[in-house]
Every structure is written in structure tokens, then in C-alpha cells.
Number of protein chains: 2
Amino acid sequence: AMEKSYVSTFLLLIVISCALAKDVGKKDTKETTAKPKLPQTLSRGWGDQLIWTQTYEEALFRAKHSNKPLMIIHHLEDCPHSQALKKAFAEHKDIQKLAEKFILLNLVYETTDKNLAPDGQYVPRILFIDPSLTVRADITGRYSNRLYAYEPSDISLLHSNMQKAMKFLKTEL
Amino acid sequence: AMEKSYVSTFLLLIVISCALAKDVGKKDTKETTAKPKLPQTLSRGWGDQLIWTQTYEEALFRAKHSNKPLMIIHHLEDCPHSQALKKAFAEHKDIQKLAEKFILLNLVYETTDKNLAPDGQYVPRILFIDPSLTVRADITGRYSNRLYAYEPSDISLLHSNMQKAMKFLKTEL
């Protein structure tokens, strides 16, 4: 009986759309089939000098035990909006400095936790989680139809949202 | 109400023990607090020229859609048995070559899927998953108390187990 432990139930249907993207069709399809640059990095270009967690489980564990907020960036390598935001994020010195105070995770595959998609699955999408492991659904960007999306021009708002995330929901000792 | 979506239920108690390790206490505690070498790689030294998936969700998706078996290595950076197995794995040319035919994932944090711990959580522990998303609990190492553990001296058995995993449970077109 043990030989057949199906894990299919664990695999949810994964639907990802590139937020605000009208020009995805333009991309050369070669890009998606190209092999990644080796060795692959956990930062994926969002900040090579920062420490990134690998998985959601690791990130939750570290946020809870280090009492740091968790910042989760959902993105896709071949989404031009994700790429543009990544460039702005990586080049913004204050963001890179403030990011050191966070547990960081960037994901190109969705997790099975629906709490990470309060208004659906799309990229780019940035969510903050309090060290109490509460999703900070109150920390949003400028777009009412995609609350957790940011464009490169929103980079200052993202920075101030990171400052907001540093003020925890519960300040207990 | 949306502001408070607790994710704590998603975070299971994570218990990891270093299999067969009698000398963990000897390690300098500095090692566990040391910052990782930047930028961090997905391979973590198990084969820098191989393509590694980042998360379990990604690995399941790719195994299913590429019709390749999935190989999951649970390990810890400061577990001497994991380190020794990693060295043997990375230096074994036939294993590195055969590994190209697998979807590969190495994890230092446990997932929440109990199917990945048929006889408990320990490291190092290597499991194979069929493209049909069935855990190959029949592919085991030499140790009856920890069926999925391997020592460096078992590297040939690991190689032949990889060959076994290439023969799928269901060969449907």
C-alpha cells in the first residue's frame, strides 16, 4: 500500500497570468524553452547581495523565528512587467538596504496556500507577511483590480510599503 | 476580514534530524549562524551544471508535464553525512550524467506533504517520484530503519536506483 502514495492532490491547478501585460505575445517563444543560466541563483536578479529563502515553508519558519517580516515576490522570467519591476527593485539602493531587514522569497511557481492570493494569482505580485504569520492584505499598491501589483513607476510606494511592513501588527515581547 | 488571513495552519512543526549522525554536537555553532555564500545557488553543490527546480510545486509540475521522474534530496548544510553524500554525488560522473534525465530538487526545509516522509523526516534522504506523481516508496537504500538514507559508500546503489526510477510505473502513450 505504501508504494502508491499519490501526491496529485497536493498539486493544485496552477494558473498564472502576467498582470497588466498586453505584449506577452510579442516575446520570442524560444525564451521559455531556453535553458537557464547555470548555476541558477535564488536571487534571480532581484538582489544578488541579499539572502533569499528557497521555499515558502523555509520563509515562514524564518519569519516566525527571526521576528522579521516576510516579503514574497511572485514573478515570471518571461513577463516584461516582472522584468521591469525587478530592474527597478534591484537598482533602488534604499529598497536593497531595507530588504536586508526582511525574510525574502521570490517565486515563479505559485504555492498551494490560498492566503497568498487574496485577489487572485497574477504577476508581478508582492505580499508581506507579519512575523505573527498574518498576511498583510492591508499593504497594497495603486491598482484596485490587482491590489498587490506594482509597476516600476510605483517603486517609491513599494519602498514605503516595506517601511509599513516593518511596523508589526502585534508588538509583544 | 481579509486583513487577517492566518497562514499558521500551513506551517507544520518542522522536525529534522541528521540521519546516522553521531558527531553533530562537535560542529562549531558559528557554522549555523554564518551567512550563506552569495549569490546562493539552487544546486547548493549537488551539481552546478544541472538544472534544479526551486520548490516542490514547481518540481511536481515539471515532472508531470515533461514526463520525467522527480528526484528529491533532503539534506542539511551542517550535517556531515549530507555533506559527504553531496561530495560523492557531485563527483560521480555517471550520476551527474543520468541526473540530467530527472527533474531535480534539493531541499533543506521539509515540505508539508507527508508523502515525502514515508518513514519519517531525516537527512540525507532521497526519494523518487514517478511522472504519474506516485512516490516510489519501493526504491530504497540499505538501511531498514531509514529506508531512503544513503551513505557515500552506497553511491553505486544510488546510481542503480536512479536507473530503476527511469523505468516508469505506467508506460502509457
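- Per an unreviewed UniProt entry, the recorded name for chain A is AGR2 protein, and the organism is Baryphthengus martii.
- Per its UniProt entry, chain A bears the Sequence similarities (unreviewed entry) comment "Belongs to the AGR family."

1. Focus on the side chain of Gln54 of chain A
(1) Moving on: Structurally, the position occupied by Gln54 of chain A is in the loop between helix H1 (30-33) and helix H2 (56-66).
(2) Moving on: Looking at Gln54 of chain A, the relative accessible area reads 2%, which means it is buried.
(3) Moving on: In terms of polar contacts, Gln54 of chain A uses its side chain to reach the side chain of Arg44 of chain B, at 2.7 Å.
(4) Moving on: Apart from the residues within four sequence positions on either side, Gln54 of chain A is in contact with Leu42, Leu105 and Leu107 of chain A together with Leu42, Arg44, Thr53, Gln54, Thr55, Leu105, Asn106, Leu107 and Val108 of chain B.

2. A word on the interface of chain A and chain B
(1) Moving on: Tallying the contact residues gives 52 residues for chain A and 52 residues for chain B.
(2) Moving on: The junction of chain A with chain B conceals about 4800 Å² of combined surface from both sides, 64% of it contributed by carbon and sulfur atoms.
(3) Moving on: There are zero salt bridges connecting chain A and chain B.
(4) Moving on: Where chain A packs against chain B, one counts nine residue pairs in polar contact (both at pLDDT 80 or more).
(5) Moving on: Of all the elements in the fold, those that place two or more residues in the side of chain A that touches chain B are strand E1 (4-6), H2, strand E3 (103-107) and strand E5 (134-136) of chain A.

3. Some points on the nonpolar core
(1) Moving on: Counting 46 residues, the largest nonpolar core has Met71, Phe128 and Leu158 of chain A together with Met71, Phe128 and Leu158 of chain B as the members making the most contacts within it.
(2) Moving on: Apart from the residues lying within four places of it in its own chain, the contact partners of Leu158 of chain A are Met71, Phe89, Ile95, Ile126, Phe128 and Tyr150 of chain A.

4. Notes on the pattern of salt bridges
(1) Moving on: Here the structure, examined in full by the defined rule, presents 15 salt bridges over all chains.
(2) Moving on: Of the charged contacts, one joins Glu91 of chain B and Lys87 of chain B as a salt bridge, the two residues approaching to 3.2 Å between their closest N and O atoms. Here Lys87 of chain B and Glu91 of chain B lie together in helix H3 (residues 80-91), a separation of four residues that amounts to about one turn. The same class applies to Glu91 of chain B as to Lys87 of chain B, namely exposed.
(3) Moving on: The partner of Arg136 of chain B in a salt bridge is Asp138 of chain B, and the shortest N-O contact between them spans 3.0 Å.
(4) Moving on: Residue Asp138 of chain B is classed as partly exposed on the basis of its relative accessible area, which comes to 27%.
(5) Moving on: Several salt bridges share partner residues, and in doing so they unite Arg44, Glu77 and Lys86 of chain A into one network.

5. Considering helix H5 (residues 155-166) of chain A
All names here are of chain A.
(1) Moving on: Taking 1.5 Å per residue as the helical rise, H5 with its twelve residues ought to reach 16 Å, and the 17 Å between its terminal C-alpha atoms agrees with that figure.
(2) Moving on: Turning to H5, its buried residues are Ile155, Leu157, Leu158, His159, Asn161, Met162 and Ala165.
(3) Moving on: Next to the buried residues of H5 lie strand E2 (70-74), helix H3 (80-91), helix H4 (93-99), strand E4 (125-129) and E5.

Reading the values: rules and limits
Residues numbered from 1 in each chain as written. Chains lettered and ligands numbered in written order. Predicted model: local features only at pLDDT ≥ 70, side-chain atom pairs only at ≥ 80, totals over all residues. Heavy atoms only, no water. UniProt positions renumbered as here; feature names shortened; annotations may be inferred. Helix = DSSP H or I, 4+ residues; strand = E, 2+ residues; numbered from the N terminus. Buried < 20%, exposed > 50% of the residue type's maximum accessible area, 1.4 Å probe, protein only. Polar contact = N/O pair within 3.5 Å; in protein donor to acceptor, adjacent residues only side chain to side chain. Contact = heavy atoms within 4.5 Å. Buried area = accessible area lost by both parts, 1.4 Å probe. Salt bridge = Lys/Arg side-chain N within 4 Å of Asp/Glu carboxyl O. Core = buried A, V, L, I, M, F, W, Y, C linked by side-chain atoms within 4.5 Å. Expected span 1.5 Å × (residues − 1).

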